[in-house]
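Remarks on the overall topology
Residues per chain, in single letters:
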Amino acid sequence: MALKEYGSPIESLSEFILSSISDITVLVLSVAVEQETFIETACYLYRASVAIMELMTTDYTCHENAMENFQSISRSVNLAKLLVEKCQKGIQPFSDPDLVTITAQLEAVIKHIGERLSFIPPSTFGDQHYAKSSVQSLSKEMQTAHFEAQASKTNGIDKKLLSFRKQPKVEPVSTPTEIDLYSINFEVSTENPQFLNTPQLIQMLRSSSWVSKRIPEDMSESLTSMPPVGQYMEPMYETFFCPLTNKIMEDPVTIRSGVTFERKAIIEWFEKLNGSEQTMLCPTTGQKLTSKAFNENIALKTTIKQWKERNEAARIKAARAALSLASSDTMVLEAVKEVQSICRRDPYNTTQVCRVGILPLLFKCLEYKNKDIRSTVLELLLQLIEDADESKEMIAQTTNIPTIIEMLSSSHRSIRHASMLLLLELSRSQALCEKIGSVTGAILMLITMKYGRSYDAFASEKADEILRNLELSPNNIKRMAENGLMEPLLKNLVEGCEELKIDMANFLGEIVLGHDSKTYVAQMVSATLIKMVHSGNTLARSAAFRTLVQLSSYQPNANILVEAGIVQVMVEEMFIRKIHNEPMNSKGEAAAIVANIFESGLELENLQVNSHGHTMTSDYVVHNIVYMLNNSTPDELNNNLIRILLVLAKIPKPKSTIVTLVKETEASYTLIELINNPHEELSIAAIKLLTVLAPHIGHLLAERLCKTRGQPESLLVEGTETTLITEKQAVSAKFLAILPHQNLTLNLALLYKNIVPTVRQEINQIQKRGTRPSRFESTYFEGLVGILVRFTTTLYEPQLLFLAKNQNFTTVFTELLMKTSSDEIQRLSAIGLENLSLESISLSKPPQIKRKKFMKLFYLPKYLSFGSSRRRRIALCPVHRGACSSQNTFCIVDAKAVEKLLDCLENENPEVVEAALSAISTLLDDKVDVDKSVSMLSEINTVQHILNAVKEHRQEGLRQKSFWVLEKFLNKGSDESVSYISNDRVLPAILVSSFHHGVGNTRQMAEKILRHLNKMPNLYT
């Protein structure tokens, strides 16, 4: 039984339940009160845990009420745990009412869990009928559970703890009923086609005509009274019995008086007389004996032996009839005990028992609820399998292995141990190893018992022996590994023959390992797997590569693999090794392993790859990888090569080499062509590498992108409101946004492909989704805004200027400042507004008044003119001195963007603050009306925002812009603004620091402000 990997909420919840039950089973041993009740509770919960583990192997986790069921069970288990912890020894005394309450709560917990188990649909288990029956049986039993509190010792009345199970009405003669997870209601049929077809036999079995007066010592008294035995037994002659022991003789001898005795009995008689003065007499006749000599009575011995053989065959036949009829539990139990007695007397009888068809009937008896029947049957089966090789083969053919596996979880220790011993004997047969291991959950249950030594040391020891026997089957070794027992597989991988090593490596590559297992496996077999890669055996190499890829995918394993020498081997596979007609792609596997190790974060500068002193960051490695990228065809190999380059691009030296090679070779075209590769992982990797290279060769990439068919429009795919953003959409948008904004070729190409409406639509859809962002939505959103910003850098191109006006970019960026909390989007929006605002002064012009044609024919004197009073006055922008609007002249004052930009100055991100400050600074440019601009900005407390920004951030560029704005206010601002700046106590210290430590313009501006504030002497006055 293989549990699913815990990744989903319901799987995590089931893991919590199992962990809590495990804690309870340990804690109950130290409970001070009501210990029997708590132990019974723990038994119920343990059995429920097995049912939960069985459920996790099915599709029930997808059922609509699965989560509700598991949550309810979790709450009940948690309550039980709290009660157990409350009743620990030494915590506090409890009164009788307290004990009654605790007991009632425990009973409610068990009943509630049983009720929840009943909600599981029978179809959940498919064809696993035993699992369905077991869970249903457990559910019914738990729902009828009943606990009663023990009375306090001070009561003086010794009340026994009543059974926690509601017992059904029983017959006068009854035996304890087995209670375990796998209890199955089963009625033995009396219609046995092999044994009960003849009316004569049925009549014989019902006959009661004879009862023996003498009962052989090895025959059960109860079975002798059964009708079948009376029919088959031959009469016993008096001569069969020893006069001294009154038992049937085994070794008869005749003394001088002619009387026959058991050899041992007569020798003891003679020895007793030796110590006395009595005359030696015959113990039967009293005749005086002249000698102690006796002769073996061979004839009688043979007769008795033949009589026993004939009657034992009859007893076997009678027992078989009793098992077939199965009219009561008592009859079945007596029949099984009779077979035990027969087999114990003579090992040959075990073969006879197997031959007459008793085995199938015994396995049927294992389905009885009666504890004694199941336990006795298991003991008998173990006796049969130990006595003769022929019976082992018969048992192997008829054994119902799943039934035996089920009983390993029995709540009765005797049944659990007996089934364990039987399974141990069966596991010694190589033919049965595969059959045992293939039973659902068998391997997992044995592994659990192996490591449960504290709970049951005997079962732990035997489970370990069984597992060692099951290792004879390679499939069982794989099953053990799948269930967490890795040692057998790893041992065979390291020490086995070549064929076995290949099988084990293939198994290891196929199974999904947990993180802890990956580390352990890497430590144990890395060296062996690397040797297999070096071998000339293609199958061995393929298996080793597959496993190494999985091990290297777990980043903590990188150091282990590097110390084992994997890097040198994999680099040789990539760059040097060439085997023609090899069916496997070793270069692709090797590149995947190297990429996995690189991505783990190891220091690559000192990692040597060959004996020539080359390291992973040397030009030798970079040149070879770029060469392979330009000439390779397999997508998987290309993907892994790009992954390696992405890691190397984070290191300055190899990054410089990569940039040079991509620039001077066809690698840039190769990477751009891979953008549209159907292998999405490869396409994403190529775009990521291009994004890393864009700051260095961005114009080259932009030009070549525009020359590639289908580009750049394929980088932006329109989605829908319900479609989640993919990683490829996100990295594509980011790539377009990061390419040089001033590249006119790319901007016009995007314009001609009508990209902007698509970008606007995608932005609107993201804003509508609001609180439902996907994993890649933020990156995608930032990329879309970055694409819009790039158009604002080339507004000198008439077509792009018309685009910005038509799409009302000023309003778009202003709204983005208002509606987003993303720092990057605020920064980009501020940059966009800055670029637009710089164009406002050239676009803003005085209004042109159009005269009507008839008014042009004559002119009236000013005092007669009526147009001045009626003509509508057109408002002029105080900053740009002309007719302005947010759409046509990109005026950020008209767009009400200035207030939003001032809000951005309070942002903790200095990049956002600097971008917002740059946008505001466009209103203080020498080309605009600075006096009116300063006046307008003063009204909205701009100075206060600037001072706050200066105090919060120490970045050079930000302070330079802040000082420039403050200087404008000192020169052009009102007395109030100047006073506000002059009276700030912190500003002088900041200015002095910048004067001492600042560079270039920052130092000069700090000096100017200090002189203005009379903090430094003014040399010009």
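Remember, it's a predicted structure, so these values are computed and weren't measured experimentally. (Residues numbered from 1 in each chain as written. Predicted model: local features only at pLDDT ≥ 70, side-chain atom pairs only at ≥ 80, totals over all residues. Heavy atoms only, no water.)

Summing up its helical and strand segments, the protein chain has 49 helices and three strands in all. Restricting to contacts in the protein chain with at least 6 residues of sequence separation, those with at least 24 account for 71%. Element-wise, carbon and sulfur atoms account for 50% of the exposed surface of the protein chain, whose accessible area totals about 50,300 Å². (Helix = DSSP H or I, 4+ residues; strand = E, 2+ residues; numbered from the N terminus. Contact = heavy atoms within 4.5 Å. Areas by Shrake-Rupley, 256 points an atom, 1.4 Å probe, with all protein chains shown as cover.)

In terms of burial, helix α19 (residues 442–450) is largely enclosed, as eight of its nine residues are buried. Listed in full, the buried residues belonging to α19 are A442, I443, L444, M445, L446, I447, M449 and K450. Packing partners of the buried residues in α19 comprise α16 (401–406), α17 (413–427), α18 (430–437), α20 (457–470) and α21 (474–482). (Buried < 20%, exposed > 50% of the residue type's maximum accessible area, 1.4 Å probe, protein only.)

As a further point, take the packing of aromatic side chains. Counted by the stated rule, this structure contains three aromatic pairs. Aromatic side chains F240 and W307 sit 5.5 Å apart centroid to centroid with 65° between the ring planes, which places their arrangement in the edge-to-face category. Residue F240 is located in the loop between α8 (227–232) and β1 (252–255), and its partner W307 is located in helix α10 (residues 298–325); the two are separated by 67 residues in the primary sequence. The same class applies to F240 and to W307, which are both buried. Aromatic side chains F575 and Y620 sit 5.9 Å apart centroid to centroid with 90° between the ring planes, which places their arrangement in the edge-to-face category. Taken together, the residues span a long stretch of sequence, with F575 in helix α27 (residues 566–575) and Y620 in helix α29 (residues 619–631) at a distance of 45 residues. Among the residues examined, F575 registers a relative accessible area of 13% and is labelled buried. A cation sits over an aromatic face here: K450 above Y451, 5.5 Å from the ring centre. The ring of F995 carries R1003 above its face, with NZ or CZ at 4.3 Å from the centroid. (Phe/Tyr/Trp six-rings, centres within 6.5 Å; stacked < 30°, edge-to-face > 60°. Lys NZ or Arg CZ within 6 Å of the ring centre and 35° of its normal.)

Here we come to the side chain of Q807. In this structure, Q807 sits in the loop between α38 (798–806) and α39 (809–819). We classify Q807 as buried; its relative accessible area is 17%. With residues near it in sequence (within four places) discarded, Q807 still touches V756, P757, R760 and V812.

Turning our eyes to something else, we now look at the pattern of salt bridges. Applying the stated criterion across every chain yields a total of 25 salt bridges. The closest approach of N and O atoms between D23 and K81, which form a salt bridge, is 2.9 Å. Residue D23 is located in helix α1 (residues 9–27), and its partner K81 is located in helix α3 (residues 66–86); the two are separated by 58 residues in the primary sequence. D23 sits in the partly exposed class, given a relative accessible area of 30%. Note that E599 is salt-bridged to R643, the shortest N-O span being 2.8 Å. Of this pair, E599 sits in the loop between α28 (586–598) and α29 while R643 sits in helix α30 (residues 635–648), and the two are 44 residues apart along the sequence. According to the relative accessible area criterion, E599 is partly exposed, its value standing at 35%. Judged by relative accessible area, R643 falls into the buried class, the value being 14%. The network of salt bridges with shared partners includes D251, R263, E296 and K301. (Salt bridge = Lys/Arg side-chain N within 4 Å of Asp/Glu carboxyl O.)

Let us now look at the confidence of the model for the protein chain. Put simply, the protein chain has an average pLDDT of 80, and 83% of its residues get 70 or more. Of all the helices and strands in the protein chain, helix α6 (residues 199–206) carries the lowest mean pLDDT, 33, while helix α35 (residues 744–752) carries the highest, 94. Within the model, the stretch residues 1–6 combines pLDDT values under 50 with 25 contacts to residues more than four positions away or in other chains. For residues 854–872, every residue scores under 50 in pLDDT, and the model assigns this stretch three contacts once sequence neighbours within four places are set aside. (pLDDT = per-residue confidence, 0-100.)

An order of β2-β1-β3 is seen for the three strands of this open sheet, with the pairing classed as antiparallel. A strand with exactly one partner marks an edge of an open sheet, and here the two such strands are β2 (260–262) and β3 (294–296). Each strand of the sheet is rotated relative to its neighbour by a mean of 40°, with strand direction disregarded. Looking at chain direction, β1 and β3 are connected through three bridges and run antiparallel. Across the sheet, I255 pairs through a bridge with F294, a residue of β3. Contacts from helix α9 (residues 263–274) reach β1, β2 and β3, with the element oriented near 95° to β2. (Pairing = 2+ DSSP bridges. Axes fitted to C-alpha atoms, helices over the stretch in contact; angles between N-to-C directions.)

What follows deals with the packing of α18 against α21. Packing of α18 against α21 leaves a shortest axis separation of 9 Å and a crossing angle of 30°. In terms of orientation, α18 and α21 fall into the roughly parallel class. For the element pair α18 and α21, the recorded crossing hand is left-handed. Residues C433, E434 and G437 of α18 pack against N475, N476 and R479 of α21. Taken together, the residues that form the contact of α18 with α21 break down as one nonpolar, three polar and two charged. (Parallel < 35°, antiparallel > 145°, perpendicular 65-115°, else oblique. Left-handed = near helix turned anticlockwise from the far one by under 90°. Nonpolar A, V, L, I, M, F, W, Y, C, P; charged D, E, K, R; others polar.)

Glancing now at the layout of surface pockets. A volume near 990 Å³ is recorded for the second largest pocket. Lining of the second largest pocket is provided by 34 residues; of these, S22, T25, Y46, G452 and Y455 occupy positions nearest its centre. Sorting the residues of the lining of the second largest pocket by element identifies α1, α2 (35–55), α17 and α19 as the ones contributing at least two each. In terms of residue count, α2 provides more of the lining of the second largest pocket than any other element does, eight residues in total. Residues of the lining of the second largest pocket, tallied by class, amount to 19 nonpolar, eleven polar and four charged. (1 Å grid on protein atoms, 1.4 Å probe; cavity = no way out; pocket = protein on both sides within 12 Å on 5 of 7 lines; lining within 4 Å. Points joined across faces, edges and corners; volume = space filled by probe spheres on them.)

Moving on, we come to the side chain of T547. Relative to the helices and strands, T547 is located in helix α25 (residues 538–552). Judged by relative accessible area, which is 1%, T547 ranks as buried. Apart from the residues within four sequence positions on either side, T547 is in contact with A505, L508, G509 and L529.

For the rest of this paragraph, the subject is the nonpolar core. Judged by nonpolar contacts, the single largest core of 179 residues is most densely connected at L508, M616 and I642. The leading source of residues in this core is helix α33 (residues 680–707), at 13 residues. Contacts of I642, omitting those with residues within four sequence positions, involve L629, L671, L674, L682, A685, A686 and L689. By size, the runner-up hydrophobic cluster in this structure holds 61 residues, among which are I316, I342, L359 and M394. (Core = buried A, V, L, I, M, F, W, Y, C linked by side-chain atoms within 4.5 Å.)

A few words now on a negative patch on the surface. Side chains of D823, E899, D903, E906, E908 and E952 sit close together on the surface and give a patch of like negative charge. Positionally, E952 belongs in helix α45 (residues 942–952). Residue classification places E952 among the exposed residues on the basis of a relative accessible area of 63%. (Patch = residues over 30% accessible without salt bridge, like charges linked within 9 Å, V, L, I, M, F, W, Y side chains within 5 Å. Lys, Arg positive; Asp, Glu negative; His and termini not counted. Charge placed at Lys NZ, Arg CZ, Asp CG, Glu CD.)

On to the environment of I697. Mapped onto the secondary structure, I697 falls in helix α33. C-alpha separation for the pair I697 and S668, spaced 29 residues apart in sequence, amounts to 9.8 Å. Those residues within four positions of I697 in sequence are excluded, and the remaining contacts are V659, V662 and K663.

To continue, consider the environment of N606. Looking at where N606 falls in the secondary structure, it is placed in the loop between α28 and α29. Taking the C-alpha atoms as reference, N606 lies 9.8 Å from S618; in sequence the two are twelve residues apart.

Look at the link from Q711 to P712: it is a cis peptide, with omega at 5°. Within the element layout of this structure, P712 appears in the loop between α33 and α34 (727–738). Residues other than glycine seldom take positive phi values, yet N808 does so here, at roughly 55°. Within the fold, N808 resides in the loop between α38 and α39. The backbone of R881 shows a phi angle near 60°, a positive value even though the residue is not glycine. Among the structural elements, R881 can be located in the loop between α41 (867–870) and α42 (898–904). Judged by its relative accessible area of 45%, R881 is partly exposed.

Below, the discussion takes up the environment of A104. Its location among the elements puts A104 in helix α4 (residues 96–118). With a relative accessible area of 45%, A104 lands in the partly exposed category. Residues A104 and E148 lie 44 residues apart in sequence; the distance between their C-alpha atoms is 7.8 Å.

Attention now moves to α21. When α21 is considered as a whole, its buried residues turn out to be N476, I477, M480 and A481. Considered in projection along α21, the buried side chains sweep an arc of 145° and stay on one side of the axis. Check the buried side of α21 and you find it contacts α18, α19, α20, α22 (487–495) and α23 (498–510). Of the residues trailing α21, G484 is marked for its positive phi of about 100°. (Arc of directions from axis to C-beta.)

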